[in-house]
Amino acid sequence: MAKTYHIHDEMFHAHVVFYVGKSPEDKALAACVYDRECTGVNAGIKEYVIELKDPSNFYGIVHEVVHLVQHIFTDRDILFNEANHEVMAYYQEWWVRKLWHLASRNLDKPNG
């Protein structure tokens, strides 16, 4: 079963659920990103989901974060183009660092 992390980004107010391992939805072959509407107390709020089956898949994180940033920007009517490429790059870096930090907690530690 997946380790689940809930992340709230204060800059763009994005809610992200990050699954490391086999998620309940199990949509990913290796990694994927999608959005969904919250239910219950947070009904009506969109959240973004990233599934990462292998916690050592750093390149999968980098790949999926491009999609995540595009989803977040599009949902906020922020153009995803050369006019704001620096904001886009820093925001992508922030997510890669955050998700890699969480994923790497799930790597097998050598005995010793």
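First, a word on scope: everything that follows refers to the structure included in this document. (Residues numbered from 1 in each chain as written. Predicted model: local features only at pLDDT ≥ 70, side-chain atom pairs only at ≥ 80, totals over all residues. Heavy atoms only, no water.)

Looking now at unusual backbone geometry. Backbone geometry at H13 places phi at a positive 55°, although glycine is not the residue there. Positionally, H13 belongs in the loop between β1 (3-9) and β2 (14-20). Residue H13 is classed as partly exposed on the basis of its relative accessible area of 49%. Backbone geometry at D77 places phi at a positive 55°, although glycine is not the residue there. Relative to the assigned elements, D77 resides in the loop between α1 (58-75) and α2 (85-104). (Helix = DSSP H or I, 4+ residues; strand = E, 2+ residues; numbered from the N terminus. Buried < 20%, exposed > 50% of the residue type's maximum accessible area, 1.4 Å probe, protein only.)

Applying the stated criterion across every chain, the model contains eight aromatic pairs. Plain terms: the ring middles of F12 and Y91 are 4.7 Å apart, the flat faces sit at 70° to each other, and that makes the pair edge-to-face. With F12 in the loop between β1 and β2 and Y91 in helix α2, this pair connects stretches of sequence that are 79 residues apart. Each member of the pair, F12 together with Y91, is buried. Taken together, the aromatic side chains of F12, F73, Y91, W94 and W95 make up a single cluster linked through ring pairs. (Phe/Tyr/Trp six-rings, centres within 6.5 Å; stacked < 30°, edge-to-face > 60°.)

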